[in-house]
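Observations on the model geometry
Chain by chain, the residues:
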Amino acid sequence: MKAATSDHDPLDRNRFPADPWRLVERFPKARELGVSETIFAVGNGYLGMRANPPEGRDAHTHGTFINGFHETWPIHHAEKAFGFATTGQTLVNAPDAKLMKLYVDDEPLLLAVDDLESYERSIDFRDGVLRRDVIWRTPSGKRVSVQTTRMVSFTQRHLAIFTIMVTMLDGDAPIVVSSQILNRQDGFDEYHAKDEAMGEGFDPRKSTHFTSRVLEPQGHWNSERRMILGYRCASSRMTLAVGADHRIITDNDYEELIETTPDLGKKVFRIDAKQGQPVFITKAVAYHTSRGVPVRELFDRCRRTLDRVRADGVQHYHEEQALWLDDYWKRCDVEIDGEPELQQAVRWNLFQLAQASARADQLGVPAKGVTGSGYEGHYFWDSEIYVVPFLAYTSPTTARNVLRFRVNMLDAARRRARELATRGALFPWRTINGEEASAYYAAGTAQYHIDADIAYAVSRYVDASGDQNFLERDGVAILVETARMWADLGFWHENSERTFNIHGVTGPDEYTTVVNNNLFTNVMARFNLERAAAALRDMERNHPESYQRAVARLEIQEAEIDEWENCAAHMTIPFDEHFGIHPQDQHFLERELWDLSTTPPEQFPLLLHYHPLVIYRFQVLKQADVVLAMFLQGDRFTLEEKRANFEYYDPITTGDSTLSAVVQAIVAAEVGHHGMAEYYFRQGLYVDLADLHRNTSDGVHIASAGGVWNALVYGFAGMRDYSGRLSFDPRLPDSWNKLTFRLSVRGSRVRIDVEQAAITFTLEEGEEVPFSVRGTPYTVTSDEPVRVPLDGHGPRLAYRIERSPAALSTRREDGSIMTAGNVDLASPHF
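The structure presented is a predicted model; accordingly, all values stated were derived computationally and were not measured.

Parameters and conventions
Once a new chain begins, its residue numbering starts again from 1 and follows that chain's sequence as written. Residue-level local features of this predicted model are given only where pLDDT is at least 70; pairs of side-chain atoms are given and counted only at 80 or more, and the full residue set underlies all totals for whole chains, interfaces and linings. Working from all heavy atoms in the structure, the side-chain values ignore hydrogens and water. The way it works is that DSSP assigns letters per residue, a run of H or I at least four long becomes a helix, a run of E at least two long becomes a strand, and they are numbered from the N terminus. In this analysis, two residues are considered to be in contact whenever any of their non-hydrogen atoms come within 4.5 Å of each other. At least two DSSP bridges between two strands are required for those strands to pair. Note on geometry: axes are lines fitted to C-alpha atoms, helical ones only across the stretch in contact, with angles between N-to-C directions running from 0 to 180 degrees. Polar contacts here mean pairs of N or O atoms no more than 3.5 Å apart (in protein, one a potential hydrogen donor and the other a potential acceptor; neighbouring residues in sequence count only if both atoms are side-chain atoms). Think of a salt bridge as a Lys or Arg side-chain nitrogen and an Asp or Glu carboxyl oxygen that are within 4 Å of each other. Each residue is placed in one exposure class: buried if its accessible area under a 1.4 Å probe, protein chains only, is under 20% of its type's maximum, exposed if it is over 50%, and partly exposed if it falls in between. The span one expects for a helix is its residue count, reduced by one, times 1.5 Å. To obtain the bend at a residue, axes are fitted to the seven residues ending there and to the seven starting there, and the angle between these axes is taken. Throughout this description, any angle smaller than 35 degrees is read as roughly parallel, any larger than 145 degrees as roughly antiparallel, any in the 65 to 115 degree range as roughly perpendicular, and the remainder as oblique. Lys, Arg, Asp and Glu make up the charged group, whereas Ala, Val, Leu, Ile, Met, Phe, Trp, Tyr, Cys and Pro make up the nonpolar group; the residues left over, Gly among them, are polar.

**Considering the environment of proline 574**
Within the secondary structure, proline 574 sits in the loop between α12 (558-569) and β23 (592-594). As a C-alpha pair, proline 574 and glutamine 586 span 12 residues in sequence and 6.3 Å in three-dimensional space. Residues contacting proline 574, with those up to four places away along its chain left out, are Asn517, Leu519, His582 and Pro583.

Below is the structure:
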């Protein structure tokens, strides 16, 4: 547990000034290169580029990533067992086309050592362009203006555009611009220096390093303006082509050179630059990938992409980008009146969601999007729980695409279920290609709850969008196959009452593994079973033809539906009468408590400093587990139960997961801990901008960014959407004047303004939308807004939950004493 309230702004505002529509950097810091490369990265969900300098140096981790483009490798287990994952999957660092090296008087521009009179780098959320403006004083004393831009297109999935404008401010000089495409996949840069030479230690959250060549050259080609390189992955056999097309505009005399080799394409401009006469160079880059299409065909695709840019001009695509983002912000913006620092951070997080999902186009959203190689580019449950709700209510077409990714891997999930001796489908805990890639089953495959998480996301999308077509064609298959898995995985126990139990699973909290009746798992499995049965019952009544097709296609038996309803009705939901809380699992309260107040800050996250068996012995959480269940299935618990659970688990939650703070913020707001809600919201808001978990260099935490929207809408605006019925019970922080956002609901768009005294609903597009505020039903129509007065914002409890070591020593129901302890790494025993 951390301190309950904090108004501290974690950003250095001398370096990063507050700007509601831009992230601006006034001067670089060499020791923070990894973080800045991530937070200024550009991408579109398919293609992503870290904010490495065009000059190539200095860099923490060079990175160009394409969603789903990966290499496979055999997983070597120290001791193998049946059903263990056999094939690892790792995102490949695609050839680097960002390089546009600059030399003036044969001296290279290197930000780390050069004399810079001025410097500004910015990413504008309204046009998606990364800009850098520098005035450089060369070693000979000449002043040079260097302006660069970088854009990955939202409208053209395969396209990135770069520009550089160089102007001699004092005197004339020879200028060279060397534009390159460089294959960095083997971990070395062009100077054969290690790509990641920053002294990083062990961290299981980072990507695997390849030990042999991955990208096999399949061809290279060039003309006067254009160069293309092609590759095939050695093991996965995926293919890639990357091409670049150039144009120079200047009144100076110049010459051009171009050449390609298997791992390097180079276009060189030599200019006799005169004072005051700018040199403007554009570089259009196309990336195309495939699971096996020959590289020669990908060459043709690159040519077609680049031909369009040559015909239309780069300005056309910059204008398209701005129009796309204008529409995005009309749907997705969340405004906090009078809080410029928070506003900037909120929009940065929402912009990251666009960059991670907009053109993923049925490829899913990896944990790091396309901003880094953390977690090896894998997809987890992150998208379904933290990102899909945002997309469902703002960008339903994108939400559908993300869910189609899971539909497409359903056959692989069916095979995985058979490997683990269950019926139905079991989706992999971490994957790229649909096969399980988690080598550590206790915190991986054992997280069966991913099936229910995916079913939850399907339900959330269908309820928000009203997309019955998706439900009947694709969604029902996921609901049915996941329900079958739960019905087969669990078992019946006959005692004083008949209960359905699920054993040997791991919940979201990875500090407690392979347990019986994990509360989160059981609660979500119950929802999954109920929703599958309800969907089929509704289809039978209202869409009989679709129902018959689903029955035939999925071989559904009527007895199955009855069984799912029976399993759900008798699901074991652990509850301890003595403590008045829901235990995280059947035996959780039997463990010793970990007194986090005595654990030194340098020993967090615990997973980097303690053996898993040490952690597993204690009541200590990596992330909110029961609390997350209270949010996702809040209509199944009373307010008193939610408050008791929050207050019990908060002091033993480390927050070592970036998925934790945003959920704690939502439930804290609901139960009345307003100060803690605001504190946890800020923790989630600045996860990456302030590098709070010290691993932002590996890429943006996309789920946490999605959680920021959830905390604002579900937390402070108090929205709930159980069974598709919208309700609101606002919990606005005292210091906020107004919170404004929009929801897309079944084809309509509604603006919601939450103020201290009222909440107002305005229909901007579409048909009327029903909702309720604190139990009273309303309907907003195009006639006029609906303004509902608010009598406060819920209960106001003490800002801080204090739980001293003495208080943590608790008498159990059987009379035994449970004490709080701590593992001291400084002890002679360690």
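**Quick look at the sheet that holds strand β19 (residues 279-290)**
Taken in spatial order, the 9 strands of this open sheet run β1-β9-β10-β11-β12-β19-β16-β15-β14, and their pairing is antiparallel. Edge positions in the open sheet fall to β1 (22-25) and β14 (215-222), since each of these has one partner strand only. The average undirected angle you get between the axes of adjacent strands in this sheet is 15°. Relative to strand β15 (residues 226-233), β14 runs antiparallel, the two being bridged by 7 bridges.

**Some thoughts on the sheet that holds strand β3 (residues 47-49)**
Pairing is antiparallel across the open sheet formed by 3 strands, whose spatial order is β2-β3-β4. Edge positions in the sheet fall to β2 (42-43) and β4 (64-66), since each of these pairs with one other strand and no more.

**Some points on the side chain of glutamate 25**
Take glutamate 25: it is sitting in strand β1. Looking at glutamate 25, its side chain comes within polar contact range of the side chain of tyrosine 119, at 2.7 Å. Contact partners of glutamate 25, with chain neighbours within four places excluded, come to Arg15, Phe16, Ser36, Phe40, Tyr119, Glu120 and Arg121.

**Regarding the pattern of salt bridges**
Applying the stated criterion to the full structure yields 67 salt bridges. In this structure, arginine 473 and aspartate 474 form a salt bridge, with 3.6 Å as the shortest nitrogen-oxygen distance. A relative accessible area of 46% places arginine 473 in the partly exposed class. Measuring nitrogen to oxygen at the nearest pair gives 3.1 Å for the salt bridge that ties arginine 720 to glutamate 670. Of the two residues, arginine 720 sits in strand β25 (residues 719-720) while glutamate 670 sits in helix α16 (residues 660-671), which places them 50 residues apart along the sequence. By relative accessible area, which is 8% here, arginine 720 ends up buried.

**What to know about the pairing of strand β30 (residues 769-773)**
Extensive coverage of β30 is indicated by the burial of 4 of its 5 residues. Note: strand β26 (residues 727-728) against β30, 2 bridges, orientation parallel. In the sheet register, serine 727 faces β30, and the bridge partner there is serine 772. In this structure, β30 lies alongside strand β31 (residues 776-780), joined through 5 bridges in antiparallel fashion. The residue of β31 that forms the bridge with serine 772 is proline 777. Counted along the chain from β30 to the antiparallel partner β31, the turn is 2 residues long, and its residue arginine 774 has a positive phi close to 50°.

**Here's the deal with helix α5 (residues 382-394)**
Relative to the 18 Å expected for 13 residues at 1.5 Å per residue, α5 spans 18 Å between its end C-alpha atoms, a close match to the ideal helical length. Along its length, α5 reaches its greatest deviation from straightness, about 45°, at valine 388, and the proline proline 389 lies no more than four positions downstream. With respect to burial, α5 is a largely interior element, 13 of its 13 residues being buried.

**What to know about the packing of α5 against helix α8 (residues 449-465)**
The interhelical angle for the contact between α5 and α8, taken along N-to-C directions, is 10°, at an axis separation of 9 Å. Regarding the angle of α5 to α8, the classification is roughly parallel. For the pair α5 and α8, the contacting residues are Glu384, Ile385, Val388, Pro389, Ala392 and Tyr393 in the first and Asp453, Ile454, Tyr456, Ala457, Arg460, Tyr461 and Ala464 in the second. Split into classes, the residues belonging to the contact of α5 with α8 amount to 10 nonpolar, no polar and 3 charged.

**Brief notes about the pairing of β15**
Taken across its 8 residues, β15 has 7 buried, putting it largely inside the fold. Between the antiparallel neighbours β14 and β15 lie 3 residues. Here β15 runs beside strand β16 (residues 239-250); their pairing, made up of 7 bridges, is antiparallel. Looking at the pairing, tyrosine 231 lines up with leucine 240 of β16. Counted between consecutive antiparallel strands, the loop separating β15 from β16 contains 5 residues, among which arginine 237 sits at a positive phi close to 70°.

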